[in-house]
Every structure is written in structure tokens, then in C-alpha cells.
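Chains, contacts and geometry: an overview
Spelled out, the chains give:
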Amino acid sequence: MLNPLSTAKGPIGVFDSGYGGLTVLSSLVQQLPQHDFCYLGDSARSPYGNRSFDAVYQYTLEAVQWFFNQGCPLVILACNTASAKALRTIQQKDLMQLAPTNRVLGVIRPTTEVLGQYTKAGAVGILATEGTVQSQSYPIEIEKFYPQLKVYQEACPMWVPLIENNEQEGPGADYFVKKHLDAIFKKDPTIDLLLLACTHYPLLEQKIRQYLPSNVQLLSQGQIVAASLVDYLKRHPEIANRCTQQATVTFSTTDSAAAFDKQAAHFFGAPVSSREVQLMPPNC
Ligand code: DGL
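Calculation notes
- Residues numbered from 1 in each chain as written.
- Predicted model: local features only at pLDDT ≥ 70, side-chain atom pairs only at ≥ 80, totals over all residues.
- Heavy atoms only, no water.
- Near = heavy atom within 4 Å.
- Polar contact = N/O pair within 3.5 Å; in protein donor to acceptor, adjacent residues only side chain to side chain.
- Areas by Shrake-Rupley, 256 points an atom, 1.4 Å probe, with all protein chains shown as cover.
- 1 Å grid on protein atoms, 1.4 Å probe; cavity = no way out; pocket = protein on both sides within 12 Å on 5 of 7 lines; lining within 4 Å.
- Sits in = over half its atoms within 2 Å of the grid points.
- Buried < 20%, exposed > 50% of the residue type's maximum accessible area, 1.4 Å probe, protein only.
- Helix = DSSP H or I, 4+ residues; strand = E, 2+ residues; numbered from the N terminus.
- Pairing = 2+ DSSP bridges.
- Axes fitted to C-alpha atoms, helices over the stretch in contact; angles between N-to-C directions.
- Contact = heavy atoms within 4.5 Å.
- Salt bridge = Lys/Arg side-chain N within 4 Å of Asp/Glu carboxyl O.
- Points joined across faces, edges and corners; volume = space filled by probe spheres on them.
- Nonpolar A, V, L, I, M, F, W, Y, C, P; charged D, E, K, R; others polar.
- Core = buried A, V, L, I, M, F, W, Y, C linked by side-chain atoms within 4.5 Å.

Structural notes on the site of the ligand
- The immediate surroundings of the ligand are formed by 13 residues, with Ser17, Tyr48, Gly49, Thr81 and His200 found nearest.
- Here an oxygen atom of the ligand sits 2.6 Å away from a polar atom, N or O, in the side chain of Ser17.
- Note that an oxygen atom of the ligand is positioned 2.6 Å from one of the backbone N or O atoms of Tyr48.
- In the complex, the protein chains occlude 99% of the 300 Å² of accessible area that the ligand would expose alone.
- In a pocket analysis with a 2 Å cut-off to the grid points, the ligand is assigned to the largest cavity.

Details of helix α13 (residues 257-268)
- Regarding α13, the residues found buried are Ala257, Phe260, Asp261, Gln263, Ala264, Phe267 and Phe268.
- One side-chain oxygen of the residue at the start of α13 lies 3.4 Å from the amide nitrogen of Ala258, identifying that residue as Ser256.
- Count one or two residues on from α13 and you reach Gly269, which has phi positive near 80°.

Let's talk about the sheet that holds strand β2 (residues 37-41)
- Pairing within the open sheet is parallel, and its six strands lie in the order β4-β3-β1-β2-β9-β10. Among the strands making up the open sheet, the edge pair consists of β4 (103-105) and β10 (274-276). Neighbour-to-neighbour, the strand axes of this sheet turn through a mean angle of 20°, independent of strand direction.
- Examined bridge by bridge, strand β9 (residues 249-253) and β10 share three bridges and lie parallel to one another. Pairing of Phe251 across the sheet is with Ser274, part of β10.
- Contacts from helix α4 (residues 87-98) reach β3 (74-77) and β4 within the one sheet, and its direction differs from that of β4 by about 170°.

Here's the deal with the pattern of salt bridges
- Summed over all chains, the structure comprises 14 salt bridges.
- Of the charged contacts in the structure, one is a salt bridge between Lys93 and Asp94, with a shortest N-O distance of 3.3 Å.
- Taking relative accessible area as the criterion, Lys93 reaches 45% and is therefore assigned partly exposed.
- For the salt bridge of Lys178 with Asp182, the shortest nitrogen-to-oxygen distance reads 3.0 Å.

Quick look at empty space enclosed by the protein
- A complete count under the given rule lists two cavities of 30 Å³ or more for this structure.
- Taken as a whole, the largest cavity spans an internal volume of roughly 70 Å³.
- Ser17, Thr81, Thr129, Cys198 and His200 are, among the 13 residues lining the largest cavity, the residues nearest its centre.
- Considering only residue class, the lining of the largest cavity consists of five nonpolar, seven polar and one charged.
- If you trace the second largest cavity, you find it lined by Pro47, Gly49, Asn50, Thr129, Cys156, Pro157, Val160, Pro161 and Tyr201.

What about the nonpolar core?
- Membership of the largest hydrophobic core comes to 53 residues, with the highest contact counts inside it found for Leu22, Leu194 and Leu233.
- If one sorts the elements of this core by residue count, helix α9 (residues 171-187) sits on top with six residues.
- With residues near it in sequence (within four places) discarded, Leu194 still touches Gly125, Leu127, Leu181, Ile184, Phe185, Leu212, Val216, Gln217, Leu218 and Leu219.
- With 28 residues, the next largest nonpolar core counts Phe15, Val75, Ala82 and Val104 among its residues.

See the structure below:
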């Protein structure tokens, strides 16, 4: 018998460990205003950045199952850490069992496809969580599209906690932003493109720009991921036809809804009203 999740019509699911994916969601809503979106932030277990491969994979799998149960035919992992540590296994192993005609996409591939267009010097700095850096996903993917690029990575483990605690304008932010920018330019002073390879980091953009040499471009992923999704839906009518279009956006969190709403508005750029949900291991 056909798995009912495989034919369901519903919103596009957008997932992050916490608030960061809202920076991507806001670009998705701009590019696809008629579509329905369902956002989930796993705030109870955020941040993911320093967690083990197994933990990030397990949490992300639970989230994907939850989205499928909501009827989402397509889920975007708007989290680099989850894209780096869980996406491939979910696509190659779990999807077959959960709902083979549904799709799960990440943010690393669309970013690396276009990255080379933004650098003249051919030297790129990737600013990301410890987990994303350790996975080597960026250097591996960039090599496929732009083998001539020099790629340097810098893990910025304090940036997400600063942002999640609304400290992006405080003195701690100055210290930790400068520390990691100094470190990456020490690796290669000719870097002329820095990628914010964590969906939280756009919230630190102003602070980062204060310490950035004027010839260096700062790239965040929202617009890139949104453009890539528009293109994907054109090329995949079998998925596009299952994505409903009534211009709704719903928000869910695994922690307190009141706390989520307060903080989420900064990331999304508009008021947010969420509900609290629980995630379960698949097939529970
Ligand atoms: N926003 C996420 C990312 O893009 C993860 C932040 C975290 O949970 O550490 O990597």
C-alpha cells in the first residue's frame, strides 16, 4: 500500500536548531510569497554546533519525521550544522523508509554552487560552527564546483550563544567577532570573500562589518537558498505540485513558545506566534 505521507500536499518545512533558520525563511517568504511554510526550531536542544555527529543526525531525523507527519512534501534544513552532519544519511538511507517521494534539501550545496562568482582573489573564508568546520563539507563541496579556489575555515563557537542570548551588540560580540576575523585573515590576508556559513550569523552582520577590510565581501545564505529553491521547484513539478499555496507561515518550537516568539521576531524581521511541540524518534 502506498505510504500516505508520500502523496500528501502541504507546506514547505523549514528546520533549524533554533532561530537561525528564520533568516533563511524570511528570504524564502520574499521569493515565494504564495507558498505555505512551516518552521520548526529545536530550541530545547540548540545549539547543535558543538554536538556529536550522532546527536545532530538523530535530532534532525526526528525533525524530518515531524515535518512529514505535518504533511510537508519538502523540507529545507536551514541549518548548516544539520546539513553537514545529517542530510546525506537522511537522503540516502532514511527517506526510503520514511516517505520515498518526499524530499529533504540543505543549504550547503546551493551555496557552494555559486560561491566562486563572488571572489576576485580566489580566496574564500568560511565562518561556521565547530560541527560544520569539522565535517569538511564546505571544502569538499566547493572543490566540486570551483577546484581552483583557496578555502579557509574558522569555527566561531561563541557566535551562536551570543546571538541566541541577544548579545550581538554587547562588548562580548566585539571581542569574539574580532578574534575570529583576525584568525581567518591570518590564514590568508588575500581573502576577499567571507561566507556566513551558519544561518545565525546574519544577526552579527553589522558587528562583523565594523571589523572588515573594505575590499572583503560578506555573503549570507538567505537569498542564495531562496533562489535555488525557486529553481528547484521549476525543475521538479512532482514536488512543486504538492506544495500548497495559501500564503501561510506557521512556527513551532520544542521549547517555550513565549520565549521563542520574543527572540524569533529579531531573526524573522516580523512578529512571530509559535506553538510548542515535542519531537519523537521516527516511527514512534
Ligand atoms: N544555525 C545553525 C547553522 O547554520 C546552527 C547553530 C547551532 O545550533 O549551533 O549551523
